[in-house]
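Results of the structural survey
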Amino acid sequence: MKKYSFILFLLLACIEDDNHKAIDTTLVSPNLSEKTEITFQQLYNLHGNTIGKDTIITGYVISSDAKGNYYKEIVVQNTLGTSDESEQNPRMGLKVRVGIINSYTKYILGRKVAIHLEGLKRTTSKNMLSIGRPTGTYIGDILEFDLDHFVLKFNEIGKLVPKTVALSKIDKNDLNTLIKVEQLHLKSSELGMTFSGMSTDEYDGKRTLEYCQGFRKDTIVMETSNFADFADKTLPNTQLNVTGIYQINFDNQPVLVLNALEDIEELGDYIDCEVKLPNILITEVADPENASFSRYVELYNAEDIELDLNGWNLSRFVNGGTEQKISLAEVIIPSKGFALIANEEASTANNFNFHDSFDFSPDVFSSWLDGNGDDAYSLTNEAGVVVDVYGRSTEDGTGSVWEYEDGRAYRNINIKKPSSVFRLEEWSVIKGKQNVPEDFSPGERKDSEVSFVSPAVKIETAPILITEVADPQQSTGARFVELYNPTASKVSFAQWTLVRYNYTSAKNTKDLAALPIFLDEIIIPAFGFLIVARDEMVFYDYFGVRAEVISFGLDGNGDDAYELIDPYGVVIDVYGDPTQDGSHSAWEYKDGFSKRKLSIIKPNKIFDVLEWEVQQFQIESKNFSPKIR
């Protein structure tokens, strides 16, 4: 804390800005003798919103309403930039509610101010430090006639230096502060729009800024008031450097707010995003028999560059149910290197944790990394897309071919690419009697870790067809997909997958819409059928035949596409367009069916509606033909 004692002096001056509005620079430097200064962090940490007598904070004005993009508030930062922050006084910002418009004439950019805290109330909603006049449980505007008492101006006007930061690195410590983000562009679908003021902009225009770099795309909303002077300006169709204040808006969205149009620097030609999924794999899952506190999951980066996993998550699915997300926000995984996520329990005399078992620390500790051999895992990127999996997230792994209780499962060393569909042939699974440290290899892929498939599991492909998809109008529980084997040999469906694509407003990409249905090790006979149905008894009661595979995921209501994928990840056959919602399409079969024409005897991975008879609104069960061509 600091104590102040100042000599009073009077400075009288008046200048005008380019809009010919008078800016007040008439100053009486504040007499802060006997005032006690606290830091922004100390103010944030106050409990019960209690502020001591004669307490102040000081900082610099970083917002301006000169161009109409701020209204009745000023934002104050405790430093001019990053060079004047310290461990005791980290760079932070504060929003001050003021009861005037054209506040820039009173508090110009860079002006140093002292805020007299006694009689005010602070809030930290959405992690944003704000202060104003107490109004019950909320805060209101500091009235105009009280401003000179609460917000005191110094004669100092400093040069503001924004913090340059990557989109992926912005965090809550940057809230209410001035930042600069480089090499951005506007979302391509928004080009041609104005900053704000369109018919869809209720109060503010929300436009998406994107940053793309090879394997990731990060975004943030640029928010502009409908009353801003530049609201009707067309968005620039170039690469951009953007300076603004980072805040959380009323919709709980992280946003960047400009002071003026000049805060955008145009750099050159627009570069559209071309983002591809990086080759980051789950390469080992471990449940040591002699040390459950040493459980871990290993990730491997097969790329030639290091990768930032900010926004990525490793999810554990407990017994085919509850999803527990483990953030990888602080992980940077080196090229051809590893990241390890381990249980965070402290060691006991009879149960060592990861560090004590292997003599080094993992990259992430988490109490949720506690899979006991029957839990599946998925790895998702910053966009929520599933990159890789181990096991089947919708199933309890107990007794399954991928269970590794008291053991381990490792990715065969020849596998260099991830897969969003679990493929047992890519893994070696060892159940039981695996002890740390000798039976495990965290942070290493050994030459001895080669392909192994149980002799009981036959892996094969075949030209299997999808021959009927059905959505009976009178019985949604009787929905089904029919598969047909046109060959003279029986075929094992071990490691085959039928993927349904169920598009919603939230699941609007192919990866997000995918709902895999695993066909396990069922045999389809020569010239025979296999039925995948939603409900076993409802299907039998409606059609009088048995379904071989039952899955609640088989719930297509006539506008969902399907792909049949073999054990090697090859699409064998398809119904509909897996890249879009089928509503109102030529292949929609709502309340009806679509049957493959008898003349079609080979699968087609490119959908052709001419191969099908599509009928909607079918009431009678006799119009459907499961297990009949």
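Note that this is a predicted model, so its numbers are computed, not measured.

Cut-offs applied
Residues numbered from 1 in each chain as written. Predicted model: local features only at pLDDT ≥ 70, side-chain atom pairs only at ≥ 80, totals over all residues. Heavy atoms only, no water. pLDDT = per-residue confidence, 0-100. Contact = heavy atoms within 4.5 Å. Pairing = 2+ DSSP bridges. Helix = DSSP H or I, 4+ residues; strand = E, 2+ residues; numbered from the N terminus. Axes fitted to C-alpha atoms, helices over the stretch in contact; angles between N-to-C directions. Phe/Tyr/Trp six-rings, centres within 6.5 Å; stacked < 30°, edge-to-face > 60°. Buried < 20%, exposed > 50% of the residue type's maximum accessible area, 1.4 Å probe, protein only.

Moving on to the confidence of the model for the protein. On average, residues of the protein score 89 in pLDDT, and 93% of them reach the 70 mark or higher. Here residues 3-21 is modelled with pLDDT under 50, and outside its nearest four sequence neighbours on either side it reaches 46 contacts, counting other chains as well.

Below, the discussion takes up the sheet that holds strand 38 (residues 514-518). If you walk across this open sheet you meet the four strands as 38-37-42-43, and the pairing is antiparallel. The open sheet has two free edges, formed respectively by strand 38 and strand 43 (571-575), since each of these has just one partner strand. Going from strand to strand, the sheet's axes swing by 20° on average, the running direction of each strand aside. Alignment of strand 37 (residues 497-501) against strand 38, held across five bridges, turns out to be antiparallel. Note that in strand 38 the partner of Arg500 across the bridge is Leu515.

Backbone hydrogen bonds hold the strands of a sheet together, and the pairing may be parallel or antiparallel. Spatially, 41-40-35-34-44-45 is the arrangement adopted by the six strands of the open sheet, whose pairing is mixed. Where the open sheet ends on each side, the last strands, each with one partner, are strand 41 (549-550) and strand 45 (612-615). Here strand 34 (residues 465-470) pairs with strand 35 (residues 480-484) via five bridges, running antiparallel. Its bridge partner lying in strand 35, Ile466 is registered against Leu483.

On to the packing of aromatic side chains. What describes a pair of aromatic rings is the distance from one ring centre to the other and the angle between the planes of the rings. Inspection of every chain in the model, using the stated rule, returns 26 aromatic pairs. Summarising the aromatic geometry, the rings of Phe354 and Phe360 are spaced 5.3 Å apart at their centres and angled 85° between planes, so their arrangement reads as edge-to-face. For Phe360, a relative accessible area of 32% translates into the label partly exposed. Where Tyr390 meets Tyr404, the ring centres are 5.7 Å apart and the plane angle is 80°; that geometry is what we call edge-to-face. One end of the pair, Tyr390, is in strand 31 (residues 386-390); the other, Tyr404, is in the loop between strand 31 and strand 32 (408-411), and 14 residues separate them in sequence. With respect to class, Tyr390 is no different from Tyr404; both count as buried. Chaining the aromatic ring pairs together yields one cluster made of Phe480, Phe539, Tyr542, Phe543, Phe593 and Phe624.

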